[in-house]
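# Architecture and fold: a report
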Amino acid sequence: MNCSSEDLKAYFLGELSSRDKAPVEDHVRACHSCREELERLKLTRTALLALEEEEVPRRISFVSDKVFEPRWYETIWRSGPAMGFASAVILAAAILAHAFTVQGFERPAAAPVTTTVDTAQIEQRIEREVSARLDAAEAKQSAEFAKVLDATEKRFETRRQADLATVQQAAKYYEMKMSRWEVALNDARAGQ
Amino acid sequence: MIFREVEDRDLIAKARRGNVDAYNVLVSRWEKRVFNYLLRLVGHREDALDLSQDVFLKAYQNLKKLEDPAKFPGWLFRIAHNEAYSLLRRNRPEGELAVEPKSGESTGRMFPIELSLAVQGALSRLSDDQREAVLLKVYQGFKFEEMAEILACPVSTVKSRLYTALDLLKQTLAPVKMGGAE
């Protein structure tokens, strides 16, 4: 291997693979110039590292700021367990809703006997109820009709009596007039 | 190391859900490295601190875009790189060299403070790209592929910048001894 400044520097900086290191190490052992060059590089690094790091004059620190904090939905979205739980809840709700929906359609077919018995009883009850209500309504209507009829008959009877009295008075009046005309006629005939 | 990576990943996940406390813990783990990277890149303490705050704010705002939490370090330094270069472009016209260091070249044995000044001087004489390559490799320990992602350039470019930088640093920090050596 010939002297190679690049290989020597790469070796010095720890950038060579273990396979590439060996030839460089062999060469440095045999080459005085490269060995001296390597020593100077090490001395340079030692000098550079003698420069101590300075402490930061003021600690860098951040306070919680609403601008930098994620929104509530971002927090939920990034939270794996929370998202998993929310998904499970939504899935369970969907399953329950589906189950109830399906049962609702199947219910008429599942209880036909019960429905028949109930319908017959309900019909009977309805009939009884309707009959009772009808009877009551008819009775009430009949009573009211009888009352109205009675009142009307009384009113007509009173009117008939009044008309009869008027006719009788008129008849008496005409009868009296006739009597007077007959007397006058007789007097006239007697005067002739 | 693996345990730490898992912890960071957990913190990132919590921060993504809006947990600011978790993010603050994450910041506390990385702020020193990011601050020093920016400090050595822009060379100004207040700027480095302001940039660090911007980096962590942008990281928080874009945390949802980070596809692989294991790539958080490279992703974070990519943001830091962008922020630093935005500042460098504003402050310095295109192509202008970095500010020259105050210290001169080092010779012989140095005291720690002298060595620090010499290193700072040597680093500041590098171009921004070269210095950043050294910072990412030597101080932050990124691999070439990671550096290429952070810097948005090919691995060959990363190598070129880094090798050139090492040659320049070597001249300053490990000069050839006169009269032969060893």
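Note: the structure precedes this text.
Report on the accompanying structure.

Conventions we followed
Residues numbered from 1 in each chain as written. Chains lettered and ligands numbered in written order. Predicted model: local features only at pLDDT ≥ 70, side-chain atom pairs only at ≥ 80, totals over all residues. Heavy atoms only, no water. Phe/Tyr/Trp six-rings, centres within 6.5 Å; stacked < 30°, edge-to-face > 60°. Helix = DSSP H or I, 4+ residues; strand = E, 2+ residues; numbered from the N terminus. Buried < 20%, exposed > 50% of the residue type's maximum accessible area, 1.4 Å probe, protein only. Contact = heavy atoms within 4.5 Å. Axes fitted to C-alpha atoms, helices over the stretch in contact; angles between N-to-C directions. Parallel < 35°, antiparallel > 145°, perpendicular 65-115°, else oblique. Nonpolar A, V, L, I, M, F, W, Y, C, P; charged D, E, K, R; others polar. Salt bridge = Lys/Arg side-chain N within 4 Å of Asp/Glu carboxyl O. Arc of directions from axis to C-beta.

## Some remarks on the packing of aromatic side chains
One pass over the full model with this rule turns up 8 aromatic pairs over all chains. A ring pair is formed by F72 of chain B and W75 of chain B, whose centres lie 6.0 Å apart and whose planes are at 40°; its orientation type is tilted. Here F72 of chain B pairs with W75 of chain B, and both are found in helix 4 (residues 72-91), just 3 residues apart, close to one helical turn. Of the aromatic side chains, those joined through ring pairs into one cluster are F62 of chain A together with Y23 and Y60 of chain B.

## A short note on the side chain of E83 of chain B
Residue and element names in this part refer to chain B. With respect to the helices, strands and loops of the structure, E83 is situated in helix 4. With a relative accessible area of 11%, E83 lands in the buried category. Other than its neighbours up to four places away in sequence, E83 contacts L51, D54, V55 and K58.

## Focus on the packing of helix 7 (residues 144-151) of chain B against helix 8 (residues 155-173) of chain B
Residues and elements named next belong to chain B. Axis separation between helix 7 and helix 8 bottoms out at 8 Å; the angle between their running directions is 100°. By the angle class used here, helix 7 and helix 8 are roughly perpendicular. The segment helix 7 lies against helix 8, with F144, E145, M147, A148 and L151 engaging V155, V158, K159, R161, L162 and Y163. Along the lines of polarity and charge, the residues of the contact of helix 7 with helix 8 split into 8 nonpolar, no polar and 3 charged.

## Considering the pattern of salt bridges
Within the structure shown, the criterion is met by 18 salt bridges over all chains. Put simply, E15 of chain A and K137 of chain B hold a salt bridge, and the shortest N to O gap is 2.5 Å. One end of the pair, E15 of chain A, is in the loop between helix 1 (5-12) and helix 2 (18-30); the other, K137 of chain B, is in helix 6 (residues 128-139), on a second chain. Across this residue pair, the class does not change: E15 of chain A and K137 of chain B are buried. The closest approach of N and O atoms between E37 of chain A and K170 of chain B, which form a salt bridge, is 2.1 Å.

## Section: the interface of chain A and chain B
Between chain A and chain B, the residue contacts involve 38 residues of the former and 51 residues of the latter. At the boundary of chain A with chain B, the tally comes to 6 salt bridges. Measuring nitrogen to oxygen at the nearest pair gives 2.5 Å for the salt bridge that ties R59 of chain A to E31 of chain B. Contributing elements (two or more residues each) for the side of chain A that touches chain B: helix 1 and helix 3 (32-49) of chain A. With 12 residues, the single largest contributor to the side of chain A that touches chain B is helix 3 of chain A. The residue makeup of the side of chain A that touches chain B, split by class, is 17 nonpolar, 5 polar and 16 charged.

## As for helix 7 of chain B
Along an α-helix, residues three or four positions apart point the same way, because every turn accommodates 3.6 residues. Residue and element names in this part refer to chain B. Along helix 7, the positions that sit buried rather than exposed are F144, M147, A148, I150 and L151. The buried residues of helix 7 occupy one face: seen down the axis, they fall within an arc of 165°. With its phi angle positive at about 55°, A152 sits one or two positions after the end of helix 7.

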